[in-house]
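Structure assessment
Residues per chain, in single letters:
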Amino acid sequence: MPLFAQLGLATVITTITVVSHLLGLALLMRLVRDHHRRMSSHSSLVRDGLGVAGAAGGLFALHAAEIWLYAAVYALSGALGSFEEALYFSTSTYTTIGYGDVVLPRGWRVFGAIEGANGIILLGWSTAFFVSVVGRIRLMEIEARER
């Protein structure tokens, strides 16, 4: 695939993943807030544990969907031999592990590198979000005790 085609496709896929990540984080934030309100009569340990677990599970699902999107591009384009190979490559690239045992053909290398950059940014964003959620849950617990 020519360089400008790789850049164009990478721009489209990156835009999709960033927008879906933003929407997913907004939804997760709302779910955590609603969960805390609904569970106010339950033990704070159970309530907070479920809130944290739900946020972690939601983040995992968001990243899985984004990885699968990249894998679908590799598989449907024929850049990699099978969907399993595409999913494995996409996961190791998105997380910037990059084992190197599966590599893209020459015409896809820039696209693959951009997936790695996109993945590390989205993983960092999720880490910041998760720390914020845990802090918010802790703050709500303190406020509830003060009432």
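The notes below deal with the structure included here. The structure presented is a predicted model; accordingly, all values stated were derived computationally and were not measured.

This part is about the side chain of Glu66. Secondary-structure assignment places Glu66 in helix α2 (residues 44-77). Among buried Asp, Glu, Lys and Arg side chains, Glu66 stands out as unpaired, with Arg33 the closest opposite charge at 19 Å. Contacts of Glu66, omitting those with residues within four sequence positions, involve Thr17, Ser20, His21, Tyr94 and Leu122.

Quick look at the nonpolar core now. In terms of nonpolar packing, the biggest core is built from 18 residues, with Tyr74, Leu80, Phe89, Leu104, Trp108 and Phe111 touching the most fellow members. For this core, the secondary structure elements donating two or more residues are α1 (3-38), α2, α3 (83-94) and α4 (109-146). Here the element with the most residues in this core is α2; it accounts for five residues. Filtering out sequence-adjacent residues up to four positions away, Phe89 remains in contact with Tyr74, Leu80, Val102, Val103, Leu104 and Glu115. Residues Leu25, Leu28, Leu59 and Phe129 belong to the second largest nonpolar core, which totals nine residues.

Before going further, it helps to examine the environment of His21. Within the secondary structure, His21 sits in helix α1. Sequence separation between His21 and Gly51 is 30 residues; the distance between their C-alpha atoms is 19 Å. Each residue touching His21, except ones within four places of it in the same chain, is listed here: Leu62, His63, Glu66, Leu122, Trp125 and Ser126. In this structure the side chain of His21 is engaged in a polar contact, spanning 3.5 Å, whose partner is the backbone oxygen of Leu122.

Running from amino to carboxyl end, α2 crosses α3 at an angle of 130 degrees, the nearest separation of the two axes being 8 Å. In terms of their interaxial angle, α2 and α3 are classed as oblique. When the axes of α2 and α3 are compared, the crossing they make is right-handed. The residues of α3 that touch α2, namely those facing His63, Glu66, Ile67, Trp68, Tyr70, Ala71, Ala72, Tyr74 and Ala75, are Phe83, Ala86, Leu87, Phe89, Ser90, Thr91 and Tyr94. Tallied by class, the residues present in the contact of α2 with α3 amount to twelve nonpolar, three polar and one charged.

Criteria and thresholds
- Residues numbered from 1 in each chain as written.
- Predicted model: local features only at pLDDT ≥ 70, side-chain atom pairs only at ≥ 80, totals over all residues.
- Heavy atoms only, no water.
- Helix = DSSP H or I, 4+ residues; strand = E, 2+ residues; numbered from the N terminus.
- Buried < 20%, exposed > 50% of the residue type's maximum accessible area, 1.4 Å probe, protein only.
- Lys, Arg positive; Asp, Glu negative; His and termini not counted.
- Salt bridge = Lys/Arg side-chain N within 4 Å of Asp/Glu carboxyl O.
- Contact = heavy atoms within 4.5 Å.
- Core = buried A, V, L, I, M, F, W, Y, C linked by side-chain atoms within 4.5 Å.
- Polar contact = N/O pair within 3.5 Å; in protein donor to acceptor, adjacent residues only side chain to side chain.
- Axes fitted to C-alpha atoms, helices over the stretch in contact; angles between N-to-C directions.
- Parallel < 35°, antiparallel > 145°, perpendicular 65-115°, else oblique.
- Left-handed = near helix turned anticlockwise from the far one by under 90°.
- Nonpolar A, V, L, I, M, F, W, Y, C, P; charged D, E, K, R; others polar.

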